[in-house]
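Here's the letter readout for the chains.
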Amino acid sequence: MIIRLLLLVLMYALCISGAQTQTRTVTHESVKAEFLHAWNAYKQYAWGHDALKPLSMKPHNWYGTSLLMTPVDAFDTMMLMGLKEEAAEAKKLILENLSFDKNIEVQSFEITIRLLGGLLSAYQMDGDERFLILAEDLGNRLLPVFNSSTGMPYRFVHFQTGKIRDSLNNPAEIGTCLIEFGTLSKLTGKPVYYDKAKNALVQLYNRRSEIGLVGSLINVETGEWVRTTSHIAGGIDSYYEYLLKAALLFDDDECRTMWEDALRSVNEYLSDSTHGGLWYGQADMYTGKRTGTTFGSLDAFFPAVLAMGGDLERAAKLQESCLKMWNLHGIEPERIDYAKMAVTRPQYYLRPEIIESAYYLHHYTRDEAYLKMGETFFDGLVNHCRTEAGYAYLEDVVVKKQGDDMESFFLAETLKYLYLLFAPADTLPFEDVIFNTEAHPIRKTWKY
Ligand code: DMJ
């Protein structure tokens, strides 16, 4: 009798687990296959260039000459996916060809998060010193951006002359360099990188308004705000992300205090629960008065940061809103007006943020709902963006019109977070790394 009962229980348990496996239509292996589809298209049509144009099947370089944006950005994703051959060919391409001794002016923010971040994580994952040598050379060529009277960076710098340009900068581009520059300091033993990047962050924070908000454009020479609209969207987003992540990566108490203080103001003045669910809109940095009700694909990084900061309740609520935004048209618009639930910018640039947040939330809660969301994201991508040669962004999510770009962050971030969401937890020990804003995992290998 007892044996019969045990058998029944066992059969029931098997049925349940069988049912669960049956309902899971996407696995980490399906994501890996899509990564290979994108990488192989890059290899075939754009090898050695920055990026692939997936519709015209042509290569594209940001500055007329290649900085190997896609291979550097994609390298650690291949390592995580166990794609040894692909990682080896990308490594060879990078180490034999990548040089920053070029007559070009670059945008410091993009080069920092994609290339400096990519080279540092490549060094940590692969161990080859040549990645670190490239990273240090790059760091030195970027350093002149901090030579403003406030110490906040200019937007552009020339790789050979060090000439800087554009003193009007935004909080995201000013405040998103401490993970990369700080790690460079820790790995080379030279404090200059950490000090300059940390000072930029502090200078920006010091210019917050009395109610603790920052605006969207500031003059790095005079320290005066030029645009006073505050929000968490593109242009400010990763400033908040780096306050928290730098606090964690470097045990930096000053960063933690700045993060906690900034978060209080963001939650008080930018969050908005008056339109069904939780959203974050726009407000004036001095008065806190609401000036807009738009939210978009870039804002979808915030559930991950909220979760990492310990506020799982808000994180989960905001992720629900993000999902509503995705589900409006079966794939995510660049921006909506959440008061009307109407699309105001119809593009989908293959962005990762909503997937990144699902991955963080799944890590912290183990709630299967986030895997289900991951399936929704995967299906949307495959159904609407997949092309013969890789993946194409959408010019319009309403009519599903594809456009001719596949940003390197699609391989660095979007597919990495999607893969990690479904992969066994030990694929990357989450608690041991801090992802930079381009999803390059940095490990704290230093003691001081
Ligand atoms: C990436 O380059 C980074 O995630 C950045 O923080 C924001 N924009 C893209 C992805 O959307």
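Residue positions within a chain follow its written sequence, with the count starting from 1. Local features in this predicted model are restricted to residues of pLDDT 70 or higher, and side-chain atom pairs are both shown and tallied only at a pLDDT of 80 or more, whereas totals for entire chains, interfaces and linings draw on every residue. Neither water nor hydrogens contribute to the side-chain values; these are computed over all heavy atoms in the structure.

Observations regarding the overall build of the protein chain
Note the following rule: For the purposes of this entry, the term helix denotes a DSSP run of H or I that reaches at least four residues, the term strand denotes a run of E that reaches at least two, and both are numbered from the N terminus. Atoms counted for the radius of gyration: C-alpha only. Globule rule: 2.2 Å times the number of residues to the power 0.38. Type-normalised accessible area, obtained with a 1.4 Å probe on protein chains alone, sets the label of each residue: buried when under 20%, exposed when over 50%, and partly exposed for intermediate values. The accessible surface values rely on the Shrake-Rupley method and a 1.4 Å probe; as for residues, cover is taken only from the protein chains in view. Charged-residue counts in this description rest on Lys and Arg as positive and Asp and Glu as negative, His and the chain ends being excluded. Taken as the charge location is NZ of Lys, CZ of Arg, CG of Asp or CD of Glu.
Along its length, the protein chain carries 16 helices and 22 strands. For a compact globule of 448 residues, the expected C-alpha radius of gyration is about 22 Å, and the protein chain comes in at 22 Å, within 12% of that figure. With respect to the three principal axes, the spread of C-alpha positions in the protein chain is 80 × 55 × 50 Å. Every one of the 448 residues in the protein chain was classed for burial, and the buried ones make up 59%. With an accessible surface of roughly 17800 Å², the protein chain has 52% of that area assigned to carbon and sulfur atoms. Mean positive and mean negative side-chain charge positions of the protein chain (44 and 59 charges, respectively) differ by 1 Å.

A word on the site of the ligand
To be explicit about the condition: The nearness test applies per residue and asks whether one of its heavy atoms lies within 4 Å of the molecule or strand. Two N or O atoms count as a polar contact when they lie within 3.5 Å, although within protein this holds only if one can serve as hydrogen donor and the other as acceptor, and sequence-adjacent residues are included solely when both atoms are side-chain atoms. In this classification, Asp, Glu, Lys and Arg are treated as charged, Ala, Val, Leu, Ile, Met, Phe, Trp, Tyr, Cys and Pro as nonpolar, and every other residue, Gly included, as polar.
By nearness alone, every residue bordering the ligand is listed as I113, R114, L298, R351, P352, E353, F409, E413, T437 and E438. Within the side chain of E413, an N or O atom sits 2.8 Å from an oxygen atom of the ligand. Taking T437, its side chain carries an N or O atom lying 2.8 Å from an oxygen atom of the ligand. Its free accessible area being 290 Å², the ligand has 92% of it covered by the protein chains. Residue assignment for the shell around the ligand shows that the elements contributing at least two residues are α5 (108–126) and α16 (409–422). Looking at the shell around the ligand residue by residue, the classes come out as four nonpolar, one polar and five charged.

Looking at the pattern of salt bridges
Here is the rule we go by: One speaks of a salt bridge when a side-chain nitrogen belonging to Lys or Arg is within 4 Å of a carboxyl oxygen belonging to Asp or Glu.
Summed over the entire model, instances satisfying the criterion amount to 32 salt bridges. In this structure, K416 and D76 form a salt bridge, with 2.7 Å as the shortest nitrogen-oxygen distance. With K416 in helix α16 and D76 in helix α3 (residues 69–81), this residue pair connects regions lying 340 residues apart in the sequence. Across this residue pair, the class does not change: K416 and D76 are buried. One salt bridge connects R256 with E260, and the closest N-O pair in it is separated by 3.6 Å. Linking R256 with E260, this pair stays in helix α11 (residues 253–270), spanning four residues, or about one helical turn.

A look at unusual backbone geometry
Of note in this structure, L350 is not a glycine but carries a positive phi near 65°. L350 gets classed as buried once you look at its relative accessible area, which sits at 0%. Despite not being glycine, K400 has its phi angle at roughly 60°, a positive value. Take K400: it is sitting in the loop between β19 (394–396) and β20 (401–402). The exposure class assigned to K400 is partly exposed, which follows from its relative accessible area of 27%.

Considering the sheet that holds strand β7 (residues 217–219)
Remark on secondary structure: sheet strands pair via backbone hydrogen bonds, oriented parallel or antiparallel. To be explicit about the condition: Strands are labelled as partners when DSSP assigns at least two bridges between them.
Strand order in the open sheet formed by three strands is β6-β7-β8, and the pairing between neighbours is antiparallel. If you trace the sheet from one side to the other, it starts and ends with β6 (168–169) and β8 (225–227), each paired once. Bridging between β6 and β7 involves two bridges; their strand directions are antiparallel. Bridging across to β7, L168 finds its partner in N219.

Concerning the sheet that holds strand β5 (residues 164–165)
Taken together, the three strands give an open sheet; going across it, the order is β3-β4-β5, and neighbouring strands pair in antiparallel fashion. At either margin of the open sheet sits one strand with a lone partner, and together these are β3 (105–107) and β5. With two bridges connecting them, strand β4 (residues 156–158) and β5 associate as antiparallel partners. Bridging from a neighbouring strand, V157 pairs with I164 of β5.

Considering the nonpolar core
What counts is decided by this rule: Definition used in this section: a nonpolar core is a set of buried Ala, Val, Leu, Ile, Met, Phe, Trp, Tyr and Cys residues joined via side-chain atoms within 4.5 Å. Residues count as neighbours in contact if any of their non-hydrogen atoms are within 4.5 Å of one another.
Counting 149 residues, the largest nonpolar core has L119, Y280 and F302 as its most contacted members. Excluding residues that lie within four positions of it along the chain, L119 makes contacts with V72, I94, L98, F100, F131, L134, A135 and L138.

Considerations on the pairing of strand β16 (residues 342–345)
Here strand β15 (residues 335–337) pairs with β16 via three bridges, running antiparallel. Opposite I336, over in β16, you have V343 as the bridge partner. The loop that links β15 with its antiparallel partner β16 comprises four residues; one of these, M341, has a positive phi angle of about 50°.

Some details on α5
The following threshold applies: By this rule the span expected of a helix is its residue count minus one, scaled by 1.5 Å.
Taking 1.5 Å as the rise per residue, α5 with 19 residues should run 27 Å; its terminal C-alpha atoms sit 25 Å apart, in good agreement. Backbone geometry just downstream of α5 places G127 in the positive-phi region, at approximately 90°.

Re the side chain of D299
Among the secondary structure elements, D299 is positioned in the loop between β14 (294–296) and α12 (302–308). One buried charged side chain, D299, makes no salt bridge at all; its nearest oppositely charged neighbour is R335, positioned 5.8 Å away. Apart from the residues lying within four places of it in its own chain, the contact partners of D299 are I232, A233 and Y280.

Re the state of the cysteines
As a reminder, the rule being used: Two cysteine sulfurs form a disulfide in these notes if their separation is within 2.5 Å.
Taken as a whole and judged by the stated rule, the model has zero disulfides. Between C255, a cysteine without a disulfide, and C177, which holds the nearest cysteine sulfur, the sulfur-to-sulfur distance is 11 Å. With no disulfide partner, C322 has as its closest neighbouring cysteine sulfur the one in C385, 18 Å distant. Take C322: its relative accessible area is 0%, and that puts it in the buried class.

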